[in-house]
Amino acid sequence: MKKVVIILLFLWFFKGFSQEKSNNEIIDFQKAYQLRDIVSSQIDKQQYDSVPALLNQLKMAYELKVDTVSAMVSEVHAKYFYYTGAYERSANYLIEAAKVYKKMNDSLGASMMYSNIAELLAAAKSKPKEQLKYRYEALELCPERLNANWHITLLHNLGISYFERDQLDSSTYFLKLAFDKSKAEDYRLITGSSYVQFAKHSMETSHYQDAIAYVDTLIIYYKNDVPIEVFQEGMINKARVHFNIGKFNEAERDLMSFKNDALTANLESISDLLAKVYEKQGRFEDAYFEAQTAQRLKDSIFNLEKQLRLIELQEQYDNEKKENENLLLKQESTQKDLALATKNNWILTIAVFAFALIAAIIYFWNRRVLKEKERRNQTEQQLRRAQINPHFFFNVLTSIQQKVLSSSEKKDSVRYISKFARLMRQTLETSFNDFVDIDEEVMMLENYIQLQKIRYKSKFEYEIKNNCEDAIAIPTQIVQPFVENAIEHGFKNINHTGELKVIFSTANDQVLKAEVIDNGSGIESDMKKKNHTSRAIQIIQERLRLFKDETKYFHDISTGSHGTHITIFCPYQ
């Protein structure tokens, strides 16, 4: 009868384990943010080869259905597609992120997303009306009282957008508004950047001396407050002004002052302007060289854009192919699940008939079973010694699996697999012996505790002392249940590092003294919470009675917040 019950329980456990395994395939919070950091790092380094595969993993974080995580995933995708030139796809992900932020009532987050969409459209040089629409939406979501600096930045960007559309009056209005507010808030980034925009305005209206004065103010007072691209843009504008008014030497000096440190995006403009300056100076060889350099840079940018477009098309093809493969795998999995369910139904039916058959056999063989009661009691004693919580084995295997999957912990995983195998072998070998060499028992405890530390990491520390001077044999696994009780329950809800000590010594002739000491929550308080007596204590009491020794079995010196001290007296050989 017991065998049949075990079979039925195994079938239900296997079914539940399969479901749990499929659920665990969903990515967790920690993994999602780790992937986010890796992807961002790869993008910043322009190492795009591994990014698509990482993004496919990160997409699984959507299954967590947590708004902050969903917004984060969309932002990372948008960043990748922006840097690879896939502006439309980047914009779609930014729109999704903005919707999530609105749902969360995070106006600042939504404002930033809409502003990024406008910047993206500006980089793509498309849909100028849409740019303004998103800039106004971003401004509306972030009034000055919510975040003054971001509000000023949005006003400044609106001024730039109007300038690019040749609407100088509107541009001047928003730039001047942003400039005045940045001065009041001492927001030097926008103050400095405003001088660059004022210089461009002055150039458009042929007020060249004003343009030079604005750039000089930027250089003298705000050079260290603005990004390098803003500073270099100002220097290029100053060089253009000097060129337009015929001061070619000054234009050359302006460009050469930062050419060696110029950003890649500015090299074409610098070479193109230098070619014109050298031509005016009659330095035709230098002019020809710079003109060739400018053309070569222009061609390389064009080729890069083509390559990025090809990468985008290849990725779209790969994603579509992967989606089809996943759909096919899902269909196959569904078919396998149906087949497995049918098979399980047959197994359960057979098990029921087997149950009835075995029950009948047990009834007729009852007298014989009673005669073997003493032998069965001995066997049960051996089984109890061999019994380590099956959840422990399952959890340790899961922890080892995680180490195997981690590239940085593969060596550790091999070592822990070896310890796990050794513990199982020791458990099986000693389960048929009443006594075992004390060194073997200590080694078995070492393996068990070290495997527990995989699960609980830095939750506790331990020490095992063997103060027995002679080589003796002691009862098998006499302290293991108490060690397990200390780790699983005593250290469960503590806020400090657990300390576990196991000490073996000889009390007097043929009496072993074994002590288990921990600083956990206390065995008594733990039993009160659970409203039951520890099964480990019952097993040890029964085993000590079987030794037919009425000696004091064990006593608990102290319990409670300071921990538990258990002492066991038993015979040794």
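Above this text you will find the structure in question.
The structure reproduced in this document is the subject of the present report. (Residues numbered from 1 in each chain as written. Predicted model: local features only at pLDDT ≥ 70, side-chain atom pairs only at ≥ 80, totals over all residues. Heavy atoms only, no water.)

Taking 1.5 Å per residue, 17 residues should reach 24 Å; helix α4 (residues 67-83) reaches 25 Å between its end C-alpha atoms and fits that length. Three or more residues of α4 are buried, namely Val69, Ser70, Ala71, Met72, Val73, Ser74, Val76, His77, Ala78, Tyr80 and Phe81. (Helix = DSSP H or I, 4+ residues; strand = E, 2+ residues; numbered from the N terminus. Expected span 1.5 Å × (residues − 1). Buried < 20%, exposed > 50% of the residue type's maximum accessible area, 1.4 Å probe, protein only.)

A contiguous nonpolar patch, built from Leu357, Ile361, Tyr363, Phe364 and Trp365 and spanning about 650 Å² of accessible area, is present on the exposed surface. Looking at the element boundaries, Phe364 is found in helix α15 (residues 284-364). (Patch = residues over 30% accessible without salt bridge, like charges linked within 9 Å, V, L, I, M, F, W, Y side chains within 5 Å. Areas by Shrake-Rupley, 256 points an atom, 1.4 Å probe, with all protein chains shown as cover. Salt bridge = Lys/Arg side-chain N within 4 Å of Asp/Glu carboxyl O.)

Here we take up the packing of helix α2 (residues 29-44) against helix α3 (residues 51-59). Contact geometry for α2 and α3: axes closest at 10 Å, N-to-C directions at 160°. It follows from the interaxial angle that α2 and α3 lie roughly antiparallel. For α2 against α3, the interelement crossing comes out left-handed. Together, Lys31, Ala32, Leu35, Arg36, Ile38, Val39, Gln42 and Ile43 of α2 and Val51, Leu54, Leu55, Gln57 and Leu58 of α3 make up the contact between the two elements. Here the residues of the contact of α2 with α3 sort into nine nonpolar, two polar and two charged. (Axes fitted to C-alpha atoms, helices over the stretch in contact; angles between N-to-C directions. Parallel < 35°, antiparallel > 145°, perpendicular 65-115°, else oblique. Left-handed = near helix turned anticlockwise from the far one by under 90°. Contact = heavy atoms within 4.5 Å. Nonpolar A, V, L, I, M, F, W, Y, C, P; charged D, E, K, R; others polar.)

As a further point, take the packing of aromatic side chains. On inspection of all chains with the given rule, the structure shows 15 aromatic pairs. A centroid spacing of 5.4 Å and a plane angle of 85° characterise the contact between Tyr82 and Tyr83, whose relative ring orientation is edge-to-face. The exposure class of Tyr82 is partly exposed, given its relative accessible area of 34%. Ring plane angle 25° and centroid distance 5.5 Å describe the contact between Phe460 and Phe491, whose orientation is recorded as stacked. Taken as a pair, Phe460 in strand β2 (residues 460-466) and Phe491 in the loop between α21 (480-490) and β4 (498-508) lie far apart in primary sequence, 31 residues in all. Taking the relative accessible area as the measure of exposure, Phe491 reaches 1% and is therefore buried. Here a set of aromatic residues connected by ring pairs shows up, and it is made of Tyr48, Tyr80, Phe81 and Tyr93. Here Lys133 stacks its cationic end above the ring of Tyr134, 5.2 Å away from the centre of that ring. (Phe/Tyr/Trp six-rings, centres within 6.5 Å; stacked < 30°, edge-to-face > 60°. Lys NZ or Arg CZ within 6 Å of the ring centre and 35° of its normal.)

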